[in-house]
Amino acid sequence: MNRNSKLFTIVGSIIIGVVSLLIVYLSLILTDVIVITQKDIVIQTNNGFKEYDGTALTQEGFVILEGTLEEGHSFKITYTGIQVNAGSSENTAKVKVISESGQDVTKNYNITVKPGILTVGKRKICILSESDTKPYDGLPLTKDGYTITTGSLVEGDQIFANVHGTITNVGIAENLFDIVIKNKQGVNVDNNYEVEKTYGQLTVSKRIIELQSANDTKEYDGFPLSNTNYEIISGSLVPGEII
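Since we're looking at a predicted model, the values are computed, not measured. (Residues numbered from 1 in each chain as written. Predicted model: local features only at pLDDT ≥ 70, side-chain atom pairs only at ≥ 80, totals over all residues. Heavy atoms only, no water.)

Some points on the overall build of the protein chain
Secondary structure assignment for the protein chain yields 1 helix and 18 strands. Out of the 243 residues belonging to the protein chain, those deemed buried represent 22%. Here the analysis covers contacts within the protein chain between residues at least 6 apart in sequence; of these, 60% occur between residues at least 24 apart. Here the protein chain displays about 16800 Å² of accessible surface, and carbon together with sulfur accounts for 53% of that area. (Helix = DSSP H or I, 4+ residues; strand = E, 2+ residues; numbered from the N terminus. Buried < 20%, exposed > 50% of the residue type's maximum accessible area, 1.4 Å probe, protein only. Contact = heavy atoms within 4.5 Å. Areas by Shrake-Rupley, 256 points an atom, 1.4 Å probe, with all protein chains shown as cover.)

Now the structure itself:
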């Protein structure tokens with residue numbers, strides 16, 4: 001046997017031996033004779049906050065609380081947490097570990113994800129109802145309308161106001177109102193707003209009239225002279241009311 005043949009035989013034997021050992025090793029793993037211990041990793045996703053604006057809040061980013069990845073391995077994280085309306089929810093995520101060659105090696109790790117918190121705060125607005133005034137006329141004084149004095153609505157949201165303040169007699173009353181806020185789909189979104197209500201004033205002032213009593217004269221007869229007649233020389237009474 002020449003030298004090359006011997007070398008070929010030796011190399012072939014080595015290859016066959018290595019393959020055989022791999023087959024045995026894999027068989028032992030598959031039959032749980034040899035158990036690969038997963039490496040513990042604990043990560044926490046980041047918290048997120050914003051004021052309600054009608055769009056979804058998501059937040060990327062994380063910190064490793066425990067453990068480390070093997071050299072050449074890296075995380076591939078899909079963030080699934082989402083919060084749209086005012087309130088809080090978990091910033092959940094799906095985590096994989098990828099090797100330098102792009103292989104999924106997640107099964108080699110025992111990964112625990114501690115979710116951060118996504119918080120959407122209520123949007124603050126201040127609303128002022130209209131004010132009005134008039135002289136007393138026997139009819140109720142009302143005034144529709146309002147103004148947003150501070151803050152703003154999210155685009156597409158709309159206020160439906162019921163302004164129901166009223167006053168009839170002389171005095172001052174608050175122009176009370178209630179509101180409902182709906183989005184462009186017609187869904188009530190009141191809970192996404194922190195509303196400060198300020199009431200305008202409804203004022204009924206006194207009605208000004210000027211009276212003049214009648215003149216009269218007579219010859220002395222020993223009895224008092226009187227005359228109960230009068231006339232309104234300025235202003236007027238409310239229809240249906242008398243002096």
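Back to the write-up after that little detour.
Things to note about the packing of aromatic side chains
Taken as a whole, this structure holds 3 aromatic pairs when the rule is applied. When the centroid spacing of 5.6 Å and the interplanar angle of 75° are considered together, the rings of Tyr-52 and Tyr-193 count as edge-to-face. Within this pair, whereas Tyr-52 is found in the loop between β2 (48-51) and β3 (62-66), its partner Tyr-193 is found in strand β15 (residues 193-198), the two being separated by 141 residues in sequence. Residue class for Tyr-52 comes out buried when judged on its relative accessible area of 4%. Seen in terms of ring centroids, Phe-177 and Tyr-199 are 5.4 Å apart; in terms of plane orientation they differ by 75°. Their pairing is edge-to-face. Of this pair, Phe-177 sits in strand β14 (residues 177-182) while Tyr-199 is found in the loop between β15 and β16 (200-205), placing the two residues 22 residues apart along the sequence. Here Tyr-199 falls in the partly exposed class, since its relative accessible area comes to 28%. The ring of Phe-160 carries Lys-182 above its face, with NZ or CZ at 5.6 Å from the centroid. Over the aromatic face of Phe-177 sits the side chain of Lys-197, whose NZ or CZ is 5.3 Å from the ring centroid. (Phe/Tyr/Trp six-rings, centres within 6.5 Å; stacked < 30°, edge-to-face > 60°. Lys NZ or Arg CZ within 6 Å of the ring centre and 35° of its normal.)

Here's the deal with the sheet that holds strand β5 (residues 87-91)
Strand order in the open sheet formed by 3 strands is β2-β8-β5, and the pairing between neighbours is mixed. Where the open sheet ends on each side, the last strands, each with one partner, are β2 and β5. In this sheet, adjacent strand axes meet at a mean angle of 15° when their direction is disregarded. Direction of pairing for β5 relative to strand β8 (residues 116-121): antiparallel, over a ladder of 5 bridges. Pairing of Asn-91 across the sheet is with Gly-116, part of β8. (Pairing = 2+ DSSP bridges. Axes fitted to C-alpha atoms, helices over the stretch in contact; angles between N-to-C directions.)

Considering the environment of Pro-115
Looking at the secondary structure, you find Pro-115 in the loop between β7 (109-114) and β8. The exposure class of Pro-115 is partly exposed, given its relative accessible area of 28%. Taking the C-alpha atoms as reference, Pro-115 lies 5.3 Å from Thr-92; in sequence the two are 23 residues apart. Apart from residues no more than four positions distant in its own chain, Pro-115 is found in contact with Thr-45, Glu-90, Asn-91 and Thr-92.

A word on the environment of Glu-174
Along the chain, Glu-174 falls in strand β13 (residues 171-175). The sequence separation of Glu-174 and Thr-198 amounts to 24 residues, and the corresponding C-alpha distance is 9.2 Å. In this structure Glu-174 touches Gly-165, Tyr-199 and Gly-200, once residues within four positions along its chain are discounted.

Focus on the sheet that holds strand β10 (residues 132-135)
Taken in spatial order, the 3 strands of this open sheet run β10-β16-β13, and their pairing is mixed. Where the open sheet ends on each side, the last strands, each with one partner, are β10 and β13. Strand after strand, the sheet turns through a mean of 15° between neighbouring axes, direction not considered. When β13 meets β16, the two strands line up antiparallel, connected through 5 bridges. Residue pairing across strands places Asn-175 opposite Gly-200, the latter belonging to β16.

A closer look at the nonpolar core
Residues Tyr-52, Ile-125, Ile-127, Ile-159, Ile-179, Ile-181 and Tyr-193 are the most contacted members of the largest nonpolar core, which totals 14 residues. The set of elements that each furnish at least two residues to this core consists of β8, β9 (123-129), β12 (158-163) and β14. Per-element tally for this core: the top contributor is β14, with 3 residues. Ignoring sequence-local partners within four residues, the contact set of Ile-181 consists of Ile-125, Leu-153, Asp-157, Gln-158, Ile-159, Val-187, Asn-188, Val-189, Asp-190, Tyr-193 and Val-195. (Core = buried A, V, L, I, M, F, W, Y, C linked by side-chain atoms within 4.5 Å.)

Structural notes on the layout of surface pockets
The computed volume of the largest pocket comes to approximately 170 Å³. Taken together, 13 residues form the lining of the largest pocket, with Gly-54, Val-154, Glu-155, Asp-157 and Lys-184 sitting closest to its centre. Counted by class, the lining of the largest pocket contains 3 nonpolar, 6 polar and 4 charged residues. (1 Å grid on protein atoms, 1.4 Å probe; cavity = no way out; pocket = protein on both sides within 12 Å on 5 of 7 lines; lining within 4 Å. Points joined across faces, edges and corners; volume = space filled by probe spheres on them. Nonpolar A, V, L, I, M, F, W, Y, C, P; charged D, E, K, R; others polar.)

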